[in-house]
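Residue-level structure breakdown
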Amino acid sequence: MSAAHELPFEAIAAVTHALNCGALMINRAGTIVHANDRFGEICSMPKSEIVGRPLESLYEIEADVSFIRDRIARFDTAFEDEFHVARPDGTRVPVIISSRPLGNADVVASFYKVITVIDITPQKRMEDRLTEDYRQIAKLSDTVLEQAIELKHHSERLEQKVRERTRELHEANMDAIYMLAVASEAKDQDTGSHVLRIRRYTELLALELGLPAATADRFGYSAILHDVGKMIVPDEVLKKPGPLTPEERRIIESHTLAGERILSNSPFFEIARLIARSHHENWDGTGYPDALANEAIPFAARIVRLADVYDALLSPRVYKPAWRPEDAVAVVRKGRGNLFDPAICDVFLRIQDTHAFQAIRELPA
């Protein structure tokens, strides 16, 4: 190199020592002609072992060597990329390497290239830590999600068991209701059939009156127990074929209060208790046991009042034969507004025209 070009080279080399990063100069052959102290620290090698050797000689892996050769082949092209510096102990320091033309066409700019090397180890450690944190969070999220799914499935299994137990309890209650109802009707000739018909009449009327299906169902099975209090009425009074004395009538009428007592305070029998007590109340207030009138009579009891009278008229008893259907319907029609709630009576008469009640009477018990 001529003396005319030594100053620019030395000046550029001197500037590299002021940089807060590694820096080296290579010639077109790829030989390292200068390195600052920071680059030596990054390489973990003294500068004397760096300067004068081909840049690619710092690497042993073929892919790394190919990368260096490619950059040297494009000597005049600016570049910046993430790479690494290989140390003698085999470790690799992650770095950002960059190089751009020196900005003029003199000999120095034409034959030498400055490469800056920025150690990004702290950033990489942070990146690795964040990646690991993310992996742990993702793993934790997966675990939480799995636990949530399992909890959901467990909850669904519990809900299914609750539904099954509820259904079993309901069925057990229904069996108990029916057996209790049959026991209360055992003194009549129509054992069991009457209470089942009352249930079906009541449910049908409730649905036609616009009640939800679940409410209609509850009214229906509660109606089964409307006469449960008859169990306390002596046979000689219940089966008496002739007219009752005032005292005997009081005994008969007491079955409403007895039925309420028998059904206790269980919430399950709430509607059944109302029906048992009030199914002989009349719309005009002439019924028993409380002489309630109009809306004061529980709605379910008003429905059962009509259904019970209708079915009783059609059923034979010791004190009367079964009535003809048209005669029973005539009694219901005549009772509109005095014995029966007019709205319920109207719905009954509308249903009667469809022969739905006759179909119920023809169903097996």
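All residue numbers refer to position in the chain's written sequence, counted from 1. Two thresholds apply to this predicted model, a pLDDT of at least 70 for residue-level local features and 80 or more for giving and counting side-chain atom pairs, whereas whole-chain, interface and lining totals are computed over all residues. Think of the side-chain values as coming from all heavy atoms in the structure, minus any hydrogens and water.

Some thoughts on the overall build of the protein chain
Just so we agree on the cut-off: The numbering of helices and of strands both runs from the N terminus, where a helix is a DSSP run of H or I of at least 4 residues and a strand a run of E of at least 2. Burial status follows relative accessibility: with a 1.4 Å probe on protein chains alone, a residue under 20% of its type maximum counts as buried, one over 50% as exposed, and anything between as partly exposed. In what follows, residue pairs with any heavy atoms lying within 4.5 Å of each other are defined as contacts. Residue exposure ignores everything except the shown protein chains as possible cover, and the areas themselves are Shrake-Rupley values with a 1.4 Å probe.
Scanning the protein chain for helices and strands turns up 15 helices and five strands. The buried share of the protein chain, reckoned over its 365 residues, is 40%. In the protein chain, once contacts between residues fewer than 6 apart in sequence are set aside, the share between residues at least 24 apart is 54%. If you sum the accessible surface of the protein chain, you get close to 19800 Å²; carbon and sulfur atoms cover 57% of it.

A word on the confidence of the model for the protein chain
Threshold: In predicted models, pLDDT denotes the confidence assigned by the predictor to each residue on a 0 to 100 scale.
For the protein chain, the average pLDDT comes to 85, and 90% of its residues sit at 70 or higher. When mean pLDDT is taken per element in the protein chain, helix α12 (residues 299–314) scores highest with 95 and helix α4 (residues 107–111) scores lowest with 67. For the stretch residues 1–7, pLDDT sits under 50, and the model shows five contacts to residues farther than four places along the chain or on other chains.

With respect to the nonpolar core
Just so we agree on the cut-off: To define a nonpolar core, start from buried Ala, Val, Leu, Ile, Met, Phe, Trp, Tyr and Cys residues and group those joined through side-chain atoms within 4.5 Å.
Judged by nonpolar contacts, the single largest core of 31 residues is most densely connected at Leu205, Leu306, Tyr310, Phe348 and Phe357. For this core, the elements supplying multiple residues, two or more each, are α6 (193–208), α7 (213–223), α11 (270–278), α12, α13 (325–334), α14 (342–352) and α15 (356–362). Of all hydrophobic cores here, the second largest spans 26 residues; its members include Leu24, Cys43, Phe67 and Phe83.

Comments concerning α12
Using the following cut-off: Residue count minus one, scaled by 1.5 Å, sets the expected span of a helix.
Taking 1.5 Å per residue, 16 residues should reach 22 Å; α12 reaches 24 Å between its end C-alpha atoms and fits that length. For α12, the buried fraction is high: 14 of the 16 residues fall into the buried class.

Here we look at the packing of aromatic side chains
We count it as follows: Only Phe, Tyr and Trp rings are paired, with Trp represented by its six-membered ring, and only when their centres lie within 6.5 Å; those with planes under 30 degrees apart are stacked, over 60 edge-to-face, the remainder tilted. Two limits define a charge over a ring: the Lys NZ or Arg CZ must be within 6 Å of the ring centre, and within 35 degrees of the ring normal.
Taken as a whole, this structure holds ten aromatic pairs when the rule is applied. Members of the aromatic cluster, connected to one another through ring pairs, are Tyr201, Tyr310, Phe348 and Phe357. For the cation-ring pair, Lys113 lies above Phe75, with the distance from its terminal atom to the ring centre recorded as 5.3 Å.

Some words on the environment of Arg333
Inspection of the secondary structure assignment puts Arg333 in helix α13. Here the alpha-carbon distance between Arg333 and Asp346, two residues 13 residues apart in the chain, equals 8.4 Å. If sequence neighbours within four positions are ignored, Arg333 has contacts with Cys345 and Leu349.

Concerning the pairing of strand β5 (residues 112–119)
Applied cut-off: We call two strands paired when DSSP finds no fewer than two bridges between them.
In terms of burial, β5 is largely enclosed, as six of its eight residues are buried. Bridging between strand β1 (residues 22–27) and β5 involves six bridges; their strand directions are antiparallel. Bridged to Asn27 within β5 is Tyr112. In terms of strand pairing, strand β4 (residues 92–99) meets β5 through four bridges, oriented antiparallel. Directly across from Val95, in β5, lies its bridge partner Asp119.

Brief notes about the sheet that holds β1
We count it as follows: Here, axes are lines fitted to C-alpha atoms. For helices the fit covers the stretch in contact, and angles between N-to-C directions go from 0 to 180 degrees.
Pairing in this open sheet of five strands is antiparallel, and the strands run β2-β1-β5-β4-β3 from one edge to the other. Strands with a single pairing partner mark the edges of an open sheet, and in this sheet they are β2 (32–35) and β3 (79–86). When strand polarity is set aside, the average angle formed by the axes of neighbouring strands in this sheet is 30 degrees. Direction of pairing for β3 relative to β4: antiparallel, over a ladder of eight bridges. Residue pairing in the sheet places His84 in a bridge with Pro94 of β4. Against the sheet, helix α3 (residues 62–73) touches β1, β3 and β4, its axis set at about 140 degrees to β3.

Observations regarding the pattern of salt bridges
This is how the line gets drawn: One speaks of a salt bridge when a side-chain nitrogen belonging to Lys or Arg is within 4 Å of a carboxyl oxygen belonging to Asp or Glu.
Taken as a whole and assessed by the stated rule, the structure comprises 26 salt bridges. Linking Asp70 and Arg74 is a salt bridge whose minimum nitrogen-to-oxygen distance equals 2.4 Å. Classification of Asp70 by relative accessible area gives partly exposed; the value is 35%. Among the salt bridges present, the one from Lys124 reaches Glu127, with a minimum N-O distance of 3.7 Å. Of this pair, Lys124 and Glu127 are both found in helix α5 (residues 121–185), three residues apart, which corresponds to roughly one turn of the helix. Among the charged side chains, a salt-bridge network with shared partners connects Arg38, Glu41 and Asp119.

Side note on the packing of helix α10 (residues 255–262) against α11
Defined as follows: With respect to orientation, any angle under 35 degrees is reported as roughly parallel, any angle over 145 as roughly antiparallel, any angle of 65 to 115 as roughly perpendicular, and every other angle as oblique. Helix crossings fall into two classes, left-handed where the near helix is turned counterclockwise from the far one by less than a right angle and right-handed where it is turned clockwise.
Relative to each other, α10 and α11 sit at 165 degrees, their axes nearing to 7 Å. Put simply, α10 runs roughly antiparallel to α11. In the crossing of α10 with α11, the sense of the turn from one axis to the other is left-handed. On the side of α10, the interface is formed by Thr256, Leu257, Gly259 and Glu260, while α11 contributes Arg273, Ala276 and Arg277.

What about unusual backbone geometry?
Geometrically, the link from Tyr288 to Pro289 is a cis peptide bond, its omega value of 10 degrees lying close to zero. As for its placement among the helices and strands, Pro289 is situated in the loop between α11 and α12. The backbone of Ser44 sits at a positive phi, close to 60 degrees, despite the residue not being glycine. Tracing the backbone shows Ser44 in the loop between α2 (37–43) and α3. Note on Ser44: relative accessible area 47%, which makes it partly exposed.

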